[in-house]
Amino acid sequence: LYIRSEFLPEIEAKRELDRRMTEGKKAKSKLILKNLTDKKLKIEILEDSLHAGFKAEVPNTIVLNGGDEKNVEYNIIPIKGVYKIVGPRIRAIDMRELYYKDLFVDTEIEVEVYPSLDVIKEEAKAEENLKLALAYKKFLLGLETVDLHSLRRFQPGDDIKRVEWKATARLGELIVKDFL
């Protein structure tokens, strides 16, 4: 009972985080922790408030002596988008590891995560490959693309299915569609 009544952790915490990040690249998160009591504490950093897809490489348990201040740096690996990051949750544990108390850092930081150039290049390459595969498939099946290139006058030998009837009615002569 004495040990339980003696365990009253008070920690002051502040987070510093870069507001602009790149997708998939490690971003430094700096936590400034200060033990406001005279008791020695074990500290665990729990980044459970991060958005899905974010990963945090938090350090193992940190020992913080009474009245000490420590800077703890670790990495966060983000995904693209704009997010409001809160937290982290800090778990203060007594040295006997019998009791703990969860404390929250009340900072809220809005971060912008930009896509990396490598990801953009890979997506563009995949999209180009998909377009080429679809064009080749249409060529093999004898189909044409659906992208309209231009309108022109009807010439003998043109397919009647290509007649653009609205333009024909407006101009008074047969007009056909040309596709890419």
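Scroll up to find the structure this text is about.
Residues numbered from 1 in each chain as written. Predicted model: local features only at pLDDT ≥ 70, side-chain atom pairs only at ≥ 80, totals over all residues. Heavy atoms only, no water.

Volume-wise, the largest pocket comes out at about 190 Å³. In terms of lining, the largest pocket is formed by Ile3, Glu6, Phe7, Leu8, Pro9, Thr37, Lys39, Lys40, Leu41, Asp94, Met95 and Arg96. Residue classes in the lining of the largest pocket are distributed as 6 nonpolar, 1 polar and 5 charged. (1 Å grid on protein atoms, 1.4 Å probe; cavity = no way out; pocket = protein on both sides within 12 Å on 5 of 7 lines; lining within 4 Å. Points joined across faces, edges and corners; volume = space filled by probe spheres on them. Nonpolar A, V, L, I, M, F, W, Y, C, P; charged D, E, K, R; others polar.)

Quick look at the sheet that holds strand S2 (residues 20-22) now. Sheet architecture is open: 3 strands sit in the order S2-S11-S8, paired in mixed fashion. Both outer strands of the open sheet, S2 and strand S8 (81-86), are each paired with one neighbouring strand and no more. Each strand of the sheet is rotated relative to its neighbour by a mean of 35°, with strand direction disregarded. Sheet topology note: the S2/strand S11 (residues 108-114) ladder contains 3 bridges and is parallel. Counted as the bridge partner of Met21 is Val113 from S11. (Pairing = 2+ DSSP bridges. Helix = DSSP H or I, 4+ residues; strand = E, 2+ residues; numbered from the N terminus. Axes fitted to C-alpha atoms, helices over the stretch in contact; angles between N-to-C directions.)

With that out of the way, let us pick up the nonpolar core. Of all hydrophobic cores here, the largest spans 26 residues; its most connected members are Ile11, Leu33, Ile43 and Val111. At the level of secondary structure, the elements contributing two or more residues to this core comprise strand S1 (11-17), strand S3 (27-35), strand S4 (41-46), strand S6 (62-64), strand S7 (69-77), S8, strand S9 (89-94) and S11. Setting aside anything within four residues of it in sequence, one finds Ile43 in contact with Ile11, Leu33, Asn60, Thr61, Ile62, Leu64, Ile90, Arg91 and Ala92. (Core = buried A, V, L, I, M, F, W, Y, C linked by side-chain atoms within 4.5 Å. Buried < 20%, exposed > 50% of the residue type's maximum accessible area, 1.4 Å probe, protein only. Contact = heavy atoms within 4.5 Å.)

Attention shifts here to the pattern of salt bridges. Under the counting rule described, the total for this entry stands at 12 salt bridges. Where Glu97 meets Lys42, a salt bridge forms, and the shortest distance between an N and an O atom there is 2.5 Å. In this pair, Glu97 is assigned in the loop between S9 and strand S10 (100-104) and Lys42 in strand S4, connecting sequence segments 55 residues apart. Owing to a relative accessible area of 52%, Glu97 belongs among the exposed residues under this scheme. Asp178 serves as the salt-bridge partner of Arg152, at 2.7 Å between the closest nitrogen and oxygen. Of this pair, Arg152 sits in strand S12 (residues 148-153) while Asp178 sits in strand S13 (residues 175-179), and the two are 26 residues apart along the sequence. Salt bridges sharing partners connect three or more residues here, namely Arg89, Arg91 and Asp102. (Salt bridge = Lys/Arg side-chain N within 4 Å of Asp/Glu carboxyl O.)

On to a nonpolar patch on the surface. The grouping of Phe154, Ile160, Trp165 and Leu174 at the surface amounts to a nonpolar patch, some 390 Å² of accessible area in total. The topology assignment puts Trp165 in helix H3 (residues 165-171). (Patch = residues over 30% accessible without salt bridge, like charges linked within 9 Å, V, L, I, M, F, W, Y side chains within 5 Å. Areas by Shrake-Rupley, 256 points an atom, 1.4 Å probe, with all protein chains shown as cover.)

Take the side chain of Glu47 next. Within the secondary structure, Glu47 is located in the loop between S4 and strand S5 (55-57). Glu47 sits in the buried class, given a relative accessible area of 14%. Of note is the side chain of Glu47, whose polar atom sits 2.4 Å from the side chain of Tyr74. Once residues lying within four places of it in the same chain are set aside, the contact partners of Glu47 are Arg15, Ala56, Val58, Tyr74, Ile76 and Pro88. (Polar contact = N/O pair within 3.5 Å; in protein donor to acceptor, adjacent residues only side chain to side chain.)

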